[in-house]
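This is what each chain is made of:
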Amino acid sequence: MDAILDLLTSPFGGGLAALTAAFLWALASVWFTRLGSHLSVIEVNFLKGMLALILLVITLYLSGGGLQSIPANALGLLLVSGVIGITLGDSAYLQALQHLGPRRTLLLATLAPPMVGLIAWGVLGETLAWTAWLGILLTVAGIAWVILERTPDSAPAFDLKLGLLFGFLAALSQSVALVLSRVALTRTSVDSLQSTILRLAAAVVVLAVWSLLRRKPLLSRTVFQAQPHLWATLAAATFIGTYLAMWLQQVSISLAPAGIVQTLLSASPLFILPIAALQGQKITPRAVLGALLALGGVALLFTG
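Residues numbered from 1 in each chain as written. Predicted model: local features only at pLDDT ≥ 70, side-chain atom pairs only at ≥ 80, totals over all residues. Heavy atoms only, no water.

Under the defined criterion, the tally for this structure stands at five aromatic pairs. Through pairs of rings, three or more aromatic residues link up here, namely Phe 239, Tyr 243 and Trp 247. Positioned above the aromatic ring of Trp 145 is the side chain of Arg 286, whose terminal nitrogen or guanidinium carbon lies 3.8 Å from the ring centre. (Phe/Tyr/Trp six-rings, centres within 6.5 Å; stacked < 30°, edge-to-face > 60°. Lys NZ or Arg CZ within 6 Å of the ring centre and 35° of its normal.)

Given below as structure tokens:
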């Protein structure tokens, strides 16, 4: 535990936390994909948020901490960040998957790093060295190179224009939410665990209200009764993909510039490569070269 804390508090702590979150999200995406074929977008988003929120509150209690009073402006920023990034952003991302498939949706997600860099520059006044901007460019290029080479998706494109709209909305929502979180984390005393709880709580409440207004169930009991193994899938995906990954995301936001954090978080598609190889899929030289290009961009981000 001490070694982990030393790493997180080192100059590279923010980047390491972001890369770890990206890896965990890539791993969890395998299970979230399975859940998506049985549950609606709102159900998956609500259930993963609710379970992760319970785990985070337990963690806060066991650590001896508590919800400290924070300035009203920081509280507002975190709540809005949760609604924009989780309620809107995650739902839009899952909708884009249905209309575009994973290859095109992940490609659109690479729009987030430059979006964050521009928003942070305009809102926070954060300036990045030219090497950092070059690192962002190389990382995005490497990710795009890998995604474009992947086998075309088997899922049909139900509505290309609608899918592009959802994909762009997801990238923009995540970018805005990340910058809002960074403002709260860097300009107040709120910690990463408390900020994660507040963001998730806001998202879960809005998702619940939205479902009630639409008279839609928050839990498909018949689905889980027919396939009880889905509970294990949901628990595993939530633990590593929402509980751990989102917590690490907030840690990285508090330690590193927003543009760098979002770029490293967008590296999730690269971690899919070894997972795909373990599942028997062929990894081509182009995919390897794309991964190396993105890793070179990551190296520039650390030095920039």
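Read on for the rest.
On to the packing of helix α5 (residues 112-123) against helix α11 (residues 258-265). Two numbers describe how α5 lies on α11: the axes approach to 8 Å, and their chain directions differ by 170°. In this view, α5 runs roughly antiparallel relative to α11, as classed from their interaxial angle. Contacts between α5 and α11 involve Ala 112, Pro 113, Val 116, Gly 117 and Ala 120 from the first element and Ala 258, Gly 259, Gln 262 and Thr 263 from the second. (Axes fitted to C-alpha atoms, helices over the stretch in contact; angles between N-to-C directions. Helix = DSSP H or I, 4+ residues; strand = E, 2+ residues; numbered from the N terminus. Parallel < 35°, antiparallel > 145°, perpendicular 65-115°, else oblique. Contact = heavy atoms within 4.5 Å.)

Now for a nonpolar patch on the surface. On the surface, a nonpolar cluster with roughly 570 Å² of combined accessible area is contributed by Trp 145, Ile 283, Val 288, Leu 289, Leu 292 and Leu 295. Per-element accounting of the nonpolar patch gives the leading share, four residues, to helix α13 (residues 285-303). Along the chain, the position of Trp 145 falls in helix α6 (residues 130-149). On the basis of relative accessible area, Trp 145 is assigned to the partly exposed category, the value being 38%. (Patch = residues over 30% accessible without salt bridge, like charges linked within 9 Å, V, L, I, M, F, W, Y side chains within 5 Å. Areas by Shrake-Rupley, 256 points an atom, 1.4 Å probe, with all protein chains shown as cover. Salt bridge = Lys/Arg side-chain N within 4 Å of Asp/Glu carboxyl O. Buried < 20%, exposed > 50% of the residue type's maximum accessible area, 1.4 Å probe, protein only.)

Turning next to the environment of Ser 37. Tracing the chain through its elements places Ser 37 in the loop between α2 (13-36) and α3 (41-62). Judged by its relative accessible area of 56%, Ser 37 falls in the exposed class. As a C-alpha pair, Ser 37 and Gln 98 span 61 residues in sequence and 9.8 Å in three-dimensional space.

This part takes up the packing of α3 against helix α8 (residues 192-213). Contact pair α3 / α8: the axes reach a minimum separation of 9 Å and the direction vectors enclose 145°. α8 is crossed by α3, and the crossing has left-handed handedness. Seen from α3, the contacting residues are Ile 42, Asn 45, Phe 46, Gly 49, Met 50, Ala 52, Leu 53, Leu 56, Val 57, Thr 59 and Leu 60; seen from α8, they are Leu 193, Thr 196, Ile 197, Leu 200, Ala 201, Val 204, Leu 207, Ala 208, Trp 210 and Ser 211. Tallied by class, residues from the contact of α3 with α8 come to 16 nonpolar, five polar and no charged. (Left-handed = near helix turned anticlockwise from the far one by under 90°. Nonpolar A, V, L, I, M, F, W, Y, C, P; charged D, E, K, R; others polar.)

This paragraph deals with α11. Within α11, eight of the eight residues are buried, which leaves the element mostly enclosed by the surrounding structure. Among all positions of α11, only Ala 258, Gly 259, Ile 260, Val 261, Gln 262, Thr 263, Leu 264 and Leu 265 are buried.

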